[in-house]
Amino acid sequence: MKHIFQEGNNEKTLLLLHGTGGTEQDLLPLAEQIDSEANILSVRGNIEENGMPRFFKRLREGVFDEEDLIFRTNELHDFLNQAAKDYGFDRSQVIAIGYSNGANIAGSLLFHFESALQGAILHHPMVPRREIELPHLKGINVFIAAGKQDPICSPEESEELQALLSQAGAETTLHWESGGHQLTIEEVKTAANWYQGIF
Ligand code: MLT
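Summary of the structure given here. Everything numeric in this text was worked out from a predicted model, so none of it was measured.

Here's the deal with the overall build of the chain
Phase 1: What the chain contains, in helices and strands, is 5 helices and 11 strands.
Phase 2: Since a compact globule built from 199 residues should have a radius of gyration of about 16 Å, the 15 Å found for the chain is in line with a globular shape.
Phase 3: Accessible area for the chain stands at about 8900 Å²; split by element, carbon and sulfur atoms hold 44% of it.
Phase 4: Taken together, the 15 basic and 30 acidic charged side chains of the chain have centroids lying 3 Å from each other.

See below:
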């Protein structure tokens, strides 16, 4: 997968996953605010929708192509395993930071693999899949930032995601913004405080 790797000065690796139409450059400033000492692995989604990079196909807005989501989740998981070998970072200390479509594939990693991630900061995620059994997520910390007026993801869906992850054993924090789907400076600051308190 097309990506940027920047070696840091501690054991953590921040996995950056952009939103629809974004690139591997987009979330680099967030990583700087969250943990400026960590390694950075920032990946570009392999799908293009009308020229816009994404991490998996969708049938229409908010309706995922489930078969492709599963395929792409496995692909990203394999890529992470290989990247850890190639770059020599600790595979057990990868924390995802994703926005929108990127948050959704990060959520899908959590829904499908017990130890794909040590933690995740999910900006405006949705429930990636329903009616599946989640792996055991004890010890995994997840921060969710959601918008009360988000036209793509309702408050109920954000609460459902938190409940599903918590039921699987993850430690979850749900942070509310008053606005919509956009990524705000305020939620990034809150995510940074959360991260620094845990990792
Ligand atoms: C998705 O397709 O992942 C969600 O609708 C969010 C987005 O617009 O990317």
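Looking at the environment of Y87
Phase 1: By secondary structure assignment, the location of Y87 is in helix 2 (residues 66-87).
Phase 2: For Y87, a relative accessible area of 37% translates into the label partly exposed.
Phase 3: In this structure, the C-alpha to C-alpha distance between Y87 and F5, residues 82 residues apart in sequence, is 8.2 Å.
Phase 4: With residues near it in sequence (within four places) discarded, Y87 still touches H3 and F5.
Phase 5: At a separation of 2.6 Å, a polar atom in the side chain of Y87 contacts the side chain of H3.

Regarding the packing of aromatic side chains
Phase 1: The tally for this structure, following the rule as stated, stands at 6 aromatic pairs.
Phase 2: Aromatic side chains F5 and Y87 sit 4.1 Å apart centroid to centroid with 10° between the ring planes, which places their arrangement in the stacked category. Here F5, found in strand 1 (residues 3-6), pairs with Y87, found in helix 2; they are 82 residues apart in sequence, far enough to count as distant.
Phase 3: Measuring from ring centre to ring centre gives 4.9 Å for F56 and F64, while their planes differ by 80°; the resulting arrangement is edge-to-face. Taken as a pair, F56 and F64 share a single burial class, namely buried.
Phase 4: The ring centre of F56 lies 5.2 Å from the NZ or CZ of R54, which sits over that ring.

Regarding the side chain of R91
Phase 1: Examined against the element boundaries, R91 turns out to sit in the loop between helix 2 and strand 8 (94-99).
Phase 2: For the buried R91, which has no salt bridge, the nearest side chain bearing the opposite charge is D90, at an N-O separation of 7.7 Å.
Phase 3: A polar side-chain atom of R91 sits 2.7 Å from a polar atom in the side chain of N81.

Some details on the sheet that holds strand 9 (residues 119-123)
Phase 1: Spatially, 7 strands are ordered 1-3-2-8-9-10-11 in an open sheet, and the strand pairing comes out mixed. Unpaired on one side and paired on the other, strand 1 and strand 11 (171-177) mark the two borders of the sheet. Going from strand to strand, the sheet's axes swing by 10° on average, the running direction of each strand aside.
Phase 2: Along the sheet, helix 4 (residues 155-167) makes contact with strand 9, strand 10 (141-147) and strand 11, crossing strand 11 at roughly 165°.

Quick notes on the site of the ligand
Phase 1: For the ligand, the full set of nearby residues is T20, R54, F56, R58, G62, F64, S100, N101, N104, M126 and I152.
Phase 2: Side-chain polar atom of R58 to an oxygen atom of the ligand: 3.2 Å apart, as the coordinates give it.

Considerations on the pairing of strand 8
Phase 1: Counting buried positions over the 6 residues of strand 8 gives 6, a clear majority of the element.
Phase 2: Across the two faces of strand 8 the burial is the same, with V94, A96 and G98 and I95, I97 and Y99 all buried.
Phase 3: In the sheet, strand 2 (residues 13-17) pairs with strand 8 via 5 bridges, with the strands oriented parallel. Considered in strand 8, the bridge of L17 is made with G98.
Phase 4: Of the pairings in the sheet, the one linking strand 8 to strand 9 comprises 5 bridges and is parallel in character. Note on strand 9: the bridge partner recorded for G98 is L122.

Procedures and definitions
Residues numbered from 1 in each chain as written. Predicted model: local features only at pLDDT ≥ 70, side-chain atom pairs only at ≥ 80, totals over all residues. Heavy atoms only, no water. Helix = DSSP H or I, 4+ residues; strand = E, 2+ residues; numbered from the N terminus. Rg over C-alpha atoms; globule rule 2.2 N^0.38 Å. Areas by Shrake-Rupley, 256 points an atom, 1.4 Å probe, with all protein chains shown as cover. Lys, Arg positive; Asp, Glu negative; His and termini not counted. Charge placed at Lys NZ, Arg CZ, Asp CG, Glu CD. Buried < 20%, exposed > 50% of the residue type's maximum accessible area, 1.4 Å probe, protein only. Contact = heavy atoms within 4.5 Å. Polar contact = N/O pair within 3.5 Å; in protein donor to acceptor, adjacent residues only side chain to side chain. Phe/Tyr/Trp six-rings, centres within 6.5 Å; stacked < 30°, edge-to-face > 60°. Lys NZ or Arg CZ within 6 Å of the ring centre and 35° of its normal. Salt bridge = Lys/Arg side-chain N within 4 Å of Asp/Glu carboxyl O. Pairing = 2+ DSSP bridges. Axes fitted to C-alpha atoms, helices over the stretch in contact; angles between N-to-C directions. Near = heavy atom within 4 Å.

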